[in-house]
Amino acid sequence: MTRLSWDEYFMAITRVVAERSTCRRRRVGAIIVSERRILTTGYNGAPTGLRHCLDIGCLREERGIVSGERHELCRGLHAEQNAIIQAAHSGVSVRGATLYTTHFPCVLCAKMIINALIVRVVFGADYPDGLSQELLEEAGLGVEANVGAVVPKGGAEVDS
């Protein structure tokens, strides 16, 4: 029997968090960890109290907007954003933490990650956003693809 590494363990939890997503195009989960303790979790979906895209449809899908473009036309928050917001809401510092996410962060999330003083990002699947990668590198964040990343059931890799 083999034991999961810490990165494998936290990525497995991140994939479970993604199962709560209400996005029709991509299920994304994120967790923020410090000293091997989970501080917050987040998944992509509509703001609290608003109707979910699973229920009312997806504007980006209807307009044929490709992945990685026109983020402002989405009613949902990204998993990374929700994890950072949850920390702020609860008064939890994420300074120096690691963010685990099922997908490489977009540029909007990358900027939030940098300003939240998160120092490491571990991701499962790639995402088409070159500027995000440039900013994270320029900020000196450790960014690592997770070994043994497994896509959650239900379409985490689905992209219109």
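Source: prediction; values computed, not measured.

**Here we look at helix H6 (residues 130-138)**
Moving on, step 1. Put simply, Asp-129 is the residue that caps the front of H6, since its side-chain oxygen is 3.4 Å from the backbone nitrogen of Leu-131.
Moving on, step 2. Immediately downstream of H6, the backbone of Gly-140 shows phi near 80°, a positive value.

**Things to note about the nonpolar core**
Moving on, step 1. Formed by 22 residues in total, the largest nonpolar core has its most connected members in Ile-32, Ile-84, Val-94, Leu-99, Ile-113, Ile-118 and Leu-136.
Moving on, step 2. Taken together, the elements giving at least two residues each to this core come down to strand E1 (29-34), helix H4 (79-90), helix H5 (107-115) and strand E4 (120-125).
Moving on, step 3. When residues of this core are assigned to their parent elements, the largest contribution, four residues, is made by H4.
Moving on, step 4. Discounting residues that sit within four places of it in the chain, Ile-113 has contacts with Glu-80, Ile-84, Leu-99, Pro-105, Ile-118, Val-121, Leu-136 and Leu-141.
Moving on, step 5. Of all hydrophobic cores here, the second largest spans seven residues; its members include Phe-10, Met-11, Val-17 and Ile-31.

**Comments concerning the environment of Asp-129**
Moving on, step 1. Relative to the elements of secondary structure, Asp-129 occurs in the loop between E4 and H6.
Moving on, step 2. Relative accessible area serves as the criterion here: at 10%, Asp-129 is assigned to the buried category.
Moving on, step 3. Through-space distance from the C-alpha of Asp-129 to that of Gly-68 is 6.1 Å; in sequence the pair is 61 residues apart.
Moving on, step 4. Looking at Asp-129, its side chain comes within polar contact range of the main-chain nitrogen of Ser-132, at 3.2 Å.

**Focus on the confidence of the model for the protein chain**
Moving on, step 1. With 91% of its residues at a pLDDT of 70 or more, the protein chain has an overall mean of 88.
Moving on, step 2. Confidence over residues 149-160 falls short of pLDDT 50; this stretch has 27 contacts with residues more than four positions distant or in other chains.

**Thoughts on the pattern of salt bridges**
Moving on, step 1. Per the stated rule, a full pass over the model turns up four salt bridges.
Moving on, step 2. Two residues, Arg-120 and Glu-144, come together in a salt bridge whose shortest N-O distance is 2.8 Å. Here Arg-120 is found in strand E4, whereas its partner Glu-144 is found in strand E5 (residues 142-145), with 24 residues between them in sequence.
Moving on, step 3. Linked by salt bridges that have partners in common, Asp-7, Arg-120 and Glu-144 make up one network.

**Looking at the packing of H4 against H5**
Moving on, step 1. At a minimum axis distance of 9 Å, the contact between H4 and H5 shows a crossing angle of 25°. Put simply, H4 runs roughly parallel to H5. Crossing of H4 against H5: the hand is left-handed. Residues Glu-80, Gln-81 and Ile-84 of H4 touch H5, and the partners they reach there are Leu-108, Cys-109, Met-112 and Ile-113.
Moving on, step 2. Partitioned by chemical class, the residues of the contact of H4 with H5 number five nonpolar, one polar and one charged.

Criteria and cut-off values
- Residues numbered from 1 in each chain as written.
- Predicted model: local features only at pLDDT ≥ 70, side-chain atom pairs only at ≥ 80, totals over all residues.
- Heavy atoms only, no water.
- Polar contact = N/O pair within 3.5 Å; in protein donor to acceptor, adjacent residues only side chain to side chain.
- Helix = DSSP H or I, 4+ residues; strand = E, 2+ residues; numbered from the N terminus.
- Core = buried A, V, L, I, M, F, W, Y, C linked by side-chain atoms within 4.5 Å.
- Buried < 20%, exposed > 50% of the residue type's maximum accessible area, 1.4 Å probe, protein only.
- Contact = heavy atoms within 4.5 Å.
- pLDDT = per-residue confidence, 0-100.
- Salt bridge = Lys/Arg side-chain N within 4 Å of Asp/Glu carboxyl O.
- Axes fitted to C-alpha atoms, helices over the stretch in contact; angles between N-to-C directions.
- Parallel < 35°, antiparallel > 145°, perpendicular 65-115°, else oblique.
- Left-handed = near helix turned anticlockwise from the far one by under 90°.
- Nonpolar A, V, L, I, M, F, W, Y, C, P; charged D, E, K, R; others polar.

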